[in-house]
Amino acid sequence: MRIGVPKEIKVREYRVGLTPNSVAELVGHGHEVVVETTAGLGIGCSDQDYVDAGASILPDAAAVFEAAEMIVKVKEPQPVETAMLKPHHILYTYLHLAPDPVQAEGLRKSGCTAIAYETVTDNEGRLPLLTPMSQVAGRMSVSVAAHCLQKAQGGLGLMLGGVPGVLPAKIVIIGGGVAGTHAAEMAIGARADVTVFDRSNARLAELDVQFAGAVKTAYSTQAALDAAVREADVVIGAVLIPGAAAPKLVSKAMLANMKDGAVLVDIAIDQGGCFETSKATTHDDPTYVVDGVVHYCVANMPGAYARTSAFALNNATLPFAIAIANKGVEKALNDDANLARGLNVSGGEITYKSVADDLDLPYVKPEWLTSI
């Protein structure tokens, strides 16, 4: 199979779909890889690094799309990229379609087969291709919250861990999954006062054991969350419903009761955000203020740590890429139900039910897909 790696063009997106190590693995399996020139510079990998790994370098994205059967990316295709997709293409990347009807329509019109990293599962029902980026975003959320709390950034002027004689910041983390757990780990390390909300009693018990009681845990009812948000200095939204739009758990009315200079960090913004007042921002202009509350809603948070993120992501995505290339997309998906759950678009139809439901479009399961 001929595999193409275009340069990412989303604002301040420095990651790359395949690292040179991944290219070498695919070439070793007998495949051909073409890479857009300078695609890897954001993670410190030159065109020569890719050539040494066995890739060919092409001058622009159009040449890559024209040459390749499978396109491997990091972020969802931008409109100019969607326009280059054809029915024979396999697109393998993050999609986050539920809050993005424009992208969904573009992919449907293209006729391509689109596999979303964020809905591929493992045997325990976890999301292994989302996990590494959730780890990065969770850890990063605490450092950006600390920055946003600075008075010069519009925050309370409060240090997360306080100092002797001064109480630490109160951090509320909504969601005890991968991102929330890593946020809690970093927040504890900063000596903050940390409470994690979740609707799974089993997960709350696990967190209590994991952190030896260093975090407070709370079952997420609306009343309990409302009270906690009112007192919080930082709220980190880390909720996820696979493939679907994130639920809006902090309303604008709740915001009015928060402290001026408090900070919201919305890790769920790729899926539409879990705060009613969330809107996607970029690393160029990451924050805005509503009712005195600082919002950080960058839609590609891990892109700030591009090298760490790209290598971590490739560790997870490469085995599936090899399977698709070795077997062809239909056999690969029928041989592996976990990979098959990544199929979001095929033959002009939405093939993932929660995405279809959120977009108010019909869900169509391809006739050839028998593994799920």
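Cut-offs applied
- Residues numbered from 1 in each chain as written.
- Predicted model: local features only at pLDDT ≥ 70, side-chain atom pairs only at ≥ 80, totals over all residues.
- Heavy atoms only, no water.
- Helix = DSSP H or I, 4+ residues; strand = E, 2+ residues; numbered from the N terminus.
- Rg over C-alpha atoms; globule rule 2.2 N^0.38 Å.
- Buried < 20%, exposed > 50% of the residue type's maximum accessible area, 1.4 Å probe, protein only.
- Lys, Arg positive; Asp, Glu negative; His and termini not counted.
- Salt bridge = Lys/Arg side-chain N within 4 Å of Asp/Glu carboxyl O.
- Contact = heavy atoms within 4.5 Å.
- Core = buried A, V, L, I, M, F, W, Y, C linked by side-chain atoms within 4.5 Å.
- Expected span 1.5 Å × (residues − 1).
- Pairing = 2+ DSSP bridges.
- Arc of directions from axis to C-beta.
- Phe/Tyr/Trp six-rings, centres within 6.5 Å; stacked < 30°, edge-to-face > 60°.
- Axes fitted to C-alpha atoms, helices over the stretch in contact; angles between N-to-C directions.
- Parallel < 35°, antiparallel > 145°, perpendicular 65-115°, else oblique.
- Left-handed = near helix turned anticlockwise from the far one by under 90°.
- Patch = residues over 30% accessible without salt bridge, like charges linked within 9 Å, V, L, I, M, F, W, Y side chains within 5 Å.
- Areas by Shrake-Rupley, 256 points an atom, 1.4 Å probe, with all protein chains shown as cover.

## Details of the overall build of the protein chain
When its secondary structure is counted, the protein chain shows 14 helices and 15 strands. Since a compact globule built from 372 residues should have a radius of gyration of about 21 Å, the 21 Å found for the protein chain is in line with a globular shape. Principal axes of the C-alpha set define a box for the protein chain whose edges measure 65 × 45 × 35 Å. Across the 372 residues that make up the protein chain, the buried fraction comes to 53%.

## Re the side chain of Glu 118
Along the polypeptide, Glu 118 turns up in the loop between β6 (113-116) and α6 (131-148). The buried charged residue Glu 118 lacks any salt bridge, with Lys 75 as its nearest oppositely charged partner at 7.9 Å. In contact with Glu 118, not counting residues within four places along its chain, are Thr 93, Tyr 94, Leu 95, His 96, Leu 97, Leu 127, Leu 130, Gln 271 and Asn 344.

## Comments concerning the nonpolar core
Val 33, Met 70, Tyr 92, Ile 115, Ile 324 and Leu 333 are the most contacted members of the largest nonpolar core, which totals 45 residues. The element best represented in this core is helix α11 (residues 306-327), accounting for 10 residues. If we skip the residues at most four places from it in the chain, Leu 333 touches Ile 115, Leu 339, Ala 340, Leu 343, Trp 368, Leu 369 and Ser 371. Among the nonpolar cores identified, the runner-up in size contains 31 residues, and Ala 179, Val 265, Val 298 and Met 301 belong to it.

## Let's talk about helix α7 (residues 178-189)
Taking 1.5 Å per residue, 12 residues should reach 16 Å; α7 reaches 17 Å between its end C-alpha atoms and fits that length. All of the buried residues along α7 are Ala 179, Gly 180, Thr 181, His 182, Ala 183, Ala 184 and Ala 187. In this structure, the buried residues of α7 make contact with α6, β7 (170-174), β8 (193-198), α8 (201-210) and β10 (234-237). In the segment just after α7, Arg 191 is the residue with positive phi, at about 70°.

## Regarding the sheet that holds strand β2 (residues 32-36)
Here eight strands make up an open sheet; going across it, the order is β3-β2-β1-β4-β5-β6-β14-β15 and the pairing mixed. The open sheet has two edge strands with one neighbour each: β3 (56-58) and β15 (349-350).

## With respect to α8
Residues of α8 that are buried include every one of Arg 203, Leu 204 and Leu 207, and no others. Taken end-on, α8 shows its buried residues confined to a sector of 100°, consistent with a single buried face. Exposed side of α8, more than 90 degrees from the buried face: Asn 201, Ala 202 and Val 209 are the residues found there. Residues of α8 that are buried make contact with α7, β8 and β9 (216-219). Directly beyond the C-terminal end of α8, a positive phi value near 50° is found at Ala 212.

## Considering the packing of aromatic side chains
Taken as a whole and assessed by the stated rule, the structure comprises two aromatic pairs. With a centroid separation of 4.7 Å and 85° between ring planes, the pair formed by Tyr 92 and Tyr 117 is classed as edge-to-face. You can see Tyr 92 sitting in strand β5 (residues 90-93) and its partner Tyr 117 sitting in the loop between β6 and α6, a full 25 residues away along the chain. Tyr 117 shares its class with Tyr 92; the two are buried. Ring geometry for Tyr 94 against Tyr 117: centres 4.9 Å apart, planes inclined by 80°, an arrangement best described as edge-to-face. A residue pair is termed long-range when its members are at least 10 positions apart, and Tyr 94 in the loop between β5 and α5 (101-110) and Tyr 117 in the loop between β6 and α6 qualify at 23 residues.

## Remarks on the side chain of Thr 195
Mapped onto the fold, Thr 195 is located in strand β8. In contact with Thr 195, not counting residues within four places along its chain, are Ile 171, Val 172, Ile 173, Lys 216 and Ala 218.

## Observations regarding the packing of helix α1 (residues 20-28) against α11
Interaxial distance between α1 and α11 falls to 10 Å at its minimum, and their mutual angle equals 15°. Here α1 lies roughly parallel to α11, going by the angle between them. Crossing of α1 over α11 shows right-handed handedness. Between α1, through Asn 21, Ser 22, Glu 25 and Leu 26, and α11, the contact on the second element is made entirely by Phe 311, Asn 314, Leu 318, Ala 321, Ile 322 and Ala 325.

## Thoughts on the pattern of salt bridges
Applying the stated criterion to the full structure yields 20 salt bridges. One salt bridge in this structure joins Glu 185 and Arg 139, with 3.5 Å as the shortest N-O distance. Here Arg 139 lies in helix α6 and Glu 185 lies in helix α7, a separation of 46 residues in the sequence. Among the salt bridges present, the one from Asp 233 reaches Lys 259, with a minimum N-O distance of 2.7 Å. Placement of Asp 233 in the loop between α9 (222-231) and β10 and of Lys 259 in the loop between α10 (252-255) and β11 (263-266) is noted, with a sequence separation of 26 residues between them. Take Asp 233: its relative accessible area is 5%, and that puts it in the buried class. Of the residues examined, Lys 259 reaches a relative accessible area of 31% and is grouped as partly exposed. The network of salt bridges with shared partners includes Lys 10, Lys 75, Glu 76 and Asp 270.

## What about a nonpolar patch on the surface?
The grouping of Met 159, Val 163 and Val 166 at the surface amounts to a nonpolar patch, some 280 Å² of accessible area in total. Among the secondary structure elements, Met 159 is positioned in the loop between α6 and β7.

This is a description of form; function is not addressed.
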